[in-house]
Amino acid sequence: MNTESLVPRVRNKLAWLKQIVFEPKLLKLALRGYNVSLYLGLRQPWMQRLGFRSVLDIGANAGQFALPARAAFPNATLHCFEPLPDCFSELQKRLAGLQNVILHNVALGERSGSGDMIRNPFSPSSSLLEMAPAHVRAFPFTAGGEPLRVSLSTLDAELAGQHVEEPMLVKIDVQGTEDRVIAGGLSVLCRAAVAIVETSFEPLYKGQLLFHEIQDVMRGIGFSYHGNLAQLRSPEDGRIRQGDAIFVRSL
């Protein structure tokens, strides 16, 4: 092990912990189970200057993004999309009592109807796509899963007739079907200021598009890549397997 490479990581971790301890709001969020690193990423000055009025959380699971987003953008209306019944129930509980929150118990894609989602034992890995072998090798706790029939819709159809204020932030985390969500939500996405899209650098689900392909799709609808909000490293060797890619609407 290269101990020199550990020094900056340890230093950054200590600085992060110090920031939490000495900032009451951060400590409060941490004690409530919020992802503080995500919150801090969303609190960056350039994002705050945009003054988002709407946040769309596509693939909300149990609110891992929704809660830090609400804390970061308290005046924005929050739309959460989550198809799994148990996760949706947990999402309802965690967001209960918050104002301007609209929940959609549906999976988004390129068409409306119904489909089979593979409900994974680790719920955030559930997908409409079959898991690739590399996924299970790197993350053994995601092995297995059972098909579950879920409702399907498109982003454009779900928000048709609703007044969704701009500026708009859209987060898409749907385990390999990001391109389908984009295809079914072009009218909405073309109004967004920023989109945060989970992208993979190697196949974790069969048939998914990889980062460079998603980047091409986003570029085609007027967005440019501006780095990652967060990254997922392989426990096998530390290489980056996924990134929450930030796409900003080009001027």
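Right above here is the structure, for reference.
> I would appreciate a short explanation of the overall build of the chain in the present structure.
A count of helical and extended segments in the chain gives 11 helices and 10 strands. For the chain, whose C-alpha radius of gyration is 18 Å, the value lies close to the compact-globule estimate of 18 Å for 251 residues. Taken along its principal axes, the extent of the C-alpha atoms in the chain is 50 × 40 × 40 Å. By residue count, 45% of the 251 residues in the chain fall in the buried class. The contacts in the chain between residues at least 6 apart in sequence include a share of 68% that link residues at least 24 apart. The chain carries 26 positive and 24 negative side-chain charges, and their two centres are separated by 8 Å.

> I would appreciate a short explanation of helix H11 (residues 211-220) in the present structure.
Structural remark: α-helix, 3.6 residues per turn; residues separated by three or four positions point the same way. Taken together, the buried positions of H11 are occupied by Phe211, Ile214, Gln215 and Met218. Across the axial projection of H11, the buried residues extend over an arc of 105 degrees, all falling on one side. The inward-facing, buried residues of H11 abut helix H9 (178-183), strand E8 (194-200), strand E9 (223-233) and strand E10 (240-249). Directly beyond the C-terminal end of H11, a positive phi value near 95 degrees is found at glycine 222.

> Would you explain a positive patch on the surface in this entry?
Residues Lys25, Lys28, Arg32 and Arg43 make up a contiguous surface patch of positive charge. Here lysine 25 shows up in helix H2 (residues 24-31). Judged by relative accessible area, lysine 25 falls into the partly exposed class, the value being 45%.

> Help me understand the packing of aromatic side chains in this model?
Two numbers describe a pair of aromatic rings. These are the distance of the centres and the angle of the planes. Under the definition given, this model contains 6 aromatic pairs. Seen in terms of ring centroids, phenylalanine 139 and phenylalanine 141 are 6.1 Å apart; in terms of plane orientation they differ by 70 degrees. Their pairing is edge-to-face. Between phenylalanine 201 and phenylalanine 211, the aromatic rings sit 5.4 Å apart at their centres with planes inclined by 35 degrees, giving tilted as the arrangement. Of the two residues, phenylalanine 201 is situated in the loop between E8 and H11 and phenylalanine 211 in helix H11; the sequence distance between them amounts to 10 residues. Phenylalanine 201 sits in the partly exposed class, given a relative accessible area of 35%. Each member of the aromatic cluster is reached from another via a ring pair, and the members are Phe201, Phe211, Tyr225 and Phe247.

> How should I be thinking about the sheet that holds strand E2 (residues 77-81) in this particular structure?
Across a sheet, paired strands are connected by hydrogen bonds in the backbone, their directions being either parallel or antiparallel. Ordered in space as E3-E2-E1-E7-E8-E10-E9, the 7 strands form an open sheet in which the pairing is mixed. Each edge of the sheet is formed by a strand with only one pairing partner; in this case those strands are strand E3 (101-104) and E9. Neighbour-to-neighbour, the strand axes of the sheet open up by a mean angle of 15 degrees, direction not taken into account. Sitting on the sheet, helix H6 (residues 85-95) is in contact with E2 and E3, with an inclination near 175 degrees to E3. Sheet contacts for H11: E8, E9 and E10; angle to E8, the most-contacted strand, approximately 155 degrees.

> Mind showing me how you'd approach the sheet that holds strand E5 (residues 113-119) here?
The strand order across the open sheet built from 3 strands is E4-E6-E5, with neighbouring strands paired in mixed fashion. The open sheet has two free edges, formed respectively by strand E4 (107-108) and E5, since each of these has just one partner strand. With 2 bridges joining them, E4 and strand E6 (residues 146-153) adopt parallel strand pairing. Each residue of the ladder has a partner; that of alanine 107, found in E6, is leucine 152.

Procedures and definitions
- Along each chain, residue indices are assigned from 1 in the same order as the chain's sequence is written.
- The model is predicted, so local features are restricted to residues of pLDDT at least 70 and side-chain atom pairs to those at 80 or more, both for listing and for counting; the totals for chains, interfaces and linings are taken over all residues.
- Only hydrogens and water are removed before side-chain values are computed, so all heavy atoms of the structure are retained for them.
- Numbering of helices and strands runs from the N terminus; a helix is a DSSP stretch of H or I covering at least four residues, while a strand is a stretch of E covering at least two.
- The quantity called the radius of gyration is restricted to C-alpha atoms. Its globule counterpart is 2.2 Å times the number of residues to the power 0.38.
- Summary of the burial criterion: residues with accessible area below 20% of their type's maximum are buried, those above 50% are exposed, and those between are partly exposed, where the area comes from a 1.4 Å probe applied to protein chains only.
- By definition, residues are in contact when any of their heavy atoms lie within 4.5 Å.
- We score Asp and Glu as negative and Lys and Arg as positive, and we do not count His or the chain ends.
- Positions of charges follow a simple convention, taking NZ of Lys, CZ of Arg, CG of Asp or CD of Glu.
- Working note: the arc is built from the helix axis to C-beta atom directions.
- Patch membership needs two things, relative accessible area over 30% and no salt bridge, and members are linked within 9 Å if like-charged or within 5 Å if nonpolar (Val, Leu, Ile, Met, Phe, Trp, Tyr).
- The protein chains shown are the only cover counted for residues, whose accessible areas, like all others here, come from Shrake-Rupley with a 1.4 Å probe.
- Within this document, salt bridges are pairs made up of a side-chain nitrogen of Lys or Arg and a carboxyl oxygen of Asp or Glu, the two lying within 4 Å of each other.
- Stacked, edge-to-face and tilted are the three classes for Phe, Tyr and Trp ring pairs, Trp counted by its six-membered ring, which pair at centre distances within 6.5 Å; planes under 30 degrees apart are stacked, over 60 edge-to-face, the rest tilted.
- When DSSP finds two or more bridges between two strands, those strands count as paired.
- Orientation is described by axes fitted as lines to C-alpha atoms, over the contacting stretch for helices, and by angles from 0 to 180 degrees between their N-to-C directions.

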